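Descriptive analysis of the structure
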Amino acid sequence: MAGGKGEEVKLLGAWASPYVARVKLALHLKGVSYKYMEEDLTNKSELLLRSNPVHTMVPVLIHGGKPICESQVIVQYIDEAFHAAAKALLPADPYERAVARFWAAYIDDKVLGPWEMVLKAKTGKERAVWARRTFEAVDVLEEGLVKCCKGKGLFGGDDIGYLDVLLGGMVPWLYATEKISGHNFFDASKVPLLASWMERFTHLDAAKAVFQEQDVDILVEFARSVLLTGAATSS
Ligand SMILES: N[C@@H](CCC(=O)N[C@@H](CS)C(=O)NCC(=O)O)C(=O)O
C-alpha cells in the first residue's frame, strides 16, 4: 500500500479514457490509494505537459514525484511497485510473462486501432471496412484467450491478470460501440470465450467500482459529440 512520506500516488486521467480505466483497475486491485486529477484534454495542465512531454497524453501515474507514462507500462509498474499489496497481475513464469506481453501488444496494435476507427468513421462504408478488420483481429484474440486462460475463463486463469486489466479497461466502450455502430465485437456466436470473459469481467468487484463513472449512455453521447465531430482529442 502506498502512503509513505514522498510516496504519494497521483493519477492524471480523463474520465472516458479506456487507457486510464486500465490504470484505475490496477490500482484498485492492488488496493493503492491515490489522488485522481481529471485533465481537460483541450487545455492540458502544466503538470501533464511536464510529466509526459513526449506524448502529452493521459494516463500518467506520478509516484513519489516521478512520472510513469503509457498505460501498459504503468500497469506493469503498479504490479511491481506494489507487489506486496496483492496477487501479481503478470505471471511469475518468464515464458508466460512474455506471452502476456505479446498479447498486450496485439490488443493495442491490432484490435484497438481498427476499433477506434469504427467510432471515428464518417461514412457507413468506412465504418464497415474498419468493423470487418476489428472482427478479424478479435477472432485472433479469441485464440490468445484460449492459450492464456487454460480453461479457466480469464486471461489470468482463475484470477484477474495483466491482460484482463488491459482489455477490461475497454469493456464499457465495447457496450458503447455496439450502441453506436450496431456491431457486437464480442458476439457469443463468433467468439464464445471472449463473450463469456466480458460477462464475467463486468461482474467483478473491481470493474463495478471503476466503471461507476463510465455510464454507457454517457459514453455514447461523448463519442457522438467529441469523437465523431473531432471536437477534442480523447479516447
Ligand atoms: N498509448 C497510450 C494511449 C493513451 C491515449 O490515447 N490517451 C488519450 C485519451 S484516451 C489522450 O490523452 N489524448 C490526448 C491527445 O491525444 O492529445 C496509452 O496506452 O497510455
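Since the structure is predicted, the reported quantities are computational estimates derived from the model, not experimental observations. (Residues numbered from 1 in each chain as written. Predicted model: local features only at pLDDT ≥ 70, side-chain atom pairs only at ≥ 80, totals over all residues. Heavy atoms only, no water.)

We note that the domain assignment places domain 1 (9-81) and domain 2 (94-227) within the chain. At the junction of the two partners, domain 1 supplies 16 residues and domain 2 supplies 28 residues. Of the roughly 1800 Å² buried between domain 1 and domain 2, counting both surfaces, carbon and sulfur atoms make up 65%. Of all elements in the fold, only α1 (18-30) and α3 (71-81) reach the threshold of two or more residues within the side of domain 1 that touches domain 2. (Domains from an automatic or database assignment. Contact = heavy atoms within 4.5 Å. Buried area = accessible area lost by both parts, 1.4 Å probe. Helix = DSSP H or I, 4+ residues; strand = E, 2+ residues; numbered from the N terminus.)

Let's shift gears to the nonpolar core. Ranked by size, the top nonpolar core spans 75 residues in total, and within it Trp173 and Trp197 carry the most contacts. Considering every element that reaches this core, the biggest residue donor is helix α4 (residues 94-120), with 10 residues. Each of domain 1 (9-81) and domain 2 (94-227) contributes no fewer than three residues to this core. (Core = buried A, V, L, I, M, F, W, Y, C linked by side-chain atoms within 4.5 Å. Buried < 20%, exposed > 50% of the residue type's maximum accessible area, 1.4 Å probe, protein only.)

It helps to recall that an α-helix has 3.6 residues per turn; residues three or four apart then point in one direction. Along helix α8 (residues 192-202), the residues classified as buried are Leu194, Ala195, Trp197, Met198 and Phe201. Down the axis of α8, the smallest arc covering the buried residues is 160°, so these residues share one side. On its buried face, α8 is in contact with α1, α5 (124-149), α6 (162-168), α7 (171-181) and α9 (205-210). (Arc of directions from axis to C-beta.)

Let us look at the pattern of salt bridges. Per the stated rule, a full pass over the model turns up 8 salt bridges. With its nearest N and O atoms 2.9 Å apart, the salt bridge here joins lysine 30 to aspartate 79. Remark: aspartate 79 occurs in helix α3 and lysine 30 occurs in helix α1; sequence separation between them is 49 residues. Using a relative accessible area of 4% as the deciding quantity, one classes lysine 30 as buried. (Salt bridge = Lys/Arg side-chain N within 4 Å of Asp/Glu carboxyl O.)

Looking now at the UniProt feature "domain: GST C-terminal" (unreviewed entry) in the chain. Summarizing the sequence annotation, UniProt attributes the feature "domain: GST C-terminal" (unreviewed entry) to residues 93-218 in the numbering used throughout. In this annotation, residues 93-218 is assigned 72% helix and 0% strand; the end-to-end C-alpha distance for the span is 41 Å. (UniProt positions renumbered as here; feature names shortened; annotations may be inferred.)

A few words now on the state of the cysteines. Scanning the model with the defined rule gives 0 disulfides in all. Looking at the unpaired cysteine 149, the closest cysteine sulfur is the one in cysteine 148, lying at 7.9 Å. (Disulfide = S-S within 2.5 Å.)

Turning to the packing of α4 against α7, a few remarks are in order. Between α4 and α7, whose axes approach to 10 Å, the crossing angle comes to 40°. As the angle between them shows, α4 and α7 are arranged oblique. Read as a crossing pair, α4 and α7 show a hand that is left-handed. Contacts from Trp115, Val118 and Leu119 of α4 reach α7 at Trp173, Leu174, Thr177, Ile180 and Ser181. A per-class count over the contact of α4 with α7 returns 6 nonpolar, 2 polar and no charged. (Axes fitted to C-alpha atoms, helices over the stretch in contact; angles between N-to-C directions. Parallel < 35°, antiparallel > 145°, perpendicular 65-115°, else oblique. Left-handed = near helix turned anticlockwise from the far one by under 90°. Nonpolar A, V, L, I, M, F, W, Y, C, P; charged D, E, K, R; others polar.)

The alternating pattern of strand β3 (residues 60-63) places Val60 and Ile62 and Leu61 and His63 on opposite faces, both of which are buried. Of the strand pairs in this sheet, strand β1 (residues 9-13) and β3 are connected by 4 bridges, and their pairing is antiparallel. Note on β3: the bridge partner recorded for leucine 12 is valine 60. Sheet topology places β3 next to strand β4 (residues 66-69); 4 bridges connect them, and they run antiparallel. Across the sheet, histidine 63 pairs through a bridge with lysine 66, a residue of β4. Two successive antiparallel strands, β3 and β4, enclose a turn made up of 2 residues, where glycine 64 displays a positive phi of approximately 55°. (Pairing = 2+ DSSP bridges.)

Turning to the sheet that holds β1, a few remarks are in order. Within the open sheet, the 4 strands sit side by side as β2-β1-β3-β4. Their pairing is mixed. Either end of the sheet is taken by a strand with one partner, and the two such strands are β2 (35-38) and β4. Averaged over all adjacent pairs, the angle separating strand axes in this sheet is 20°, with direction ignored. In the sheet, β1 pairs with β2 via 4 bridges, with the strands oriented parallel. Looking at the pairing, leucine 11 lines up with tyrosine 36 of β2. Along the sheet face, α1 touches β1, β2 and β3 and points at about 155° away from the line of β1. Here α3 sits on the sheet in contact with β3 and β4, set at roughly 125° to β4.

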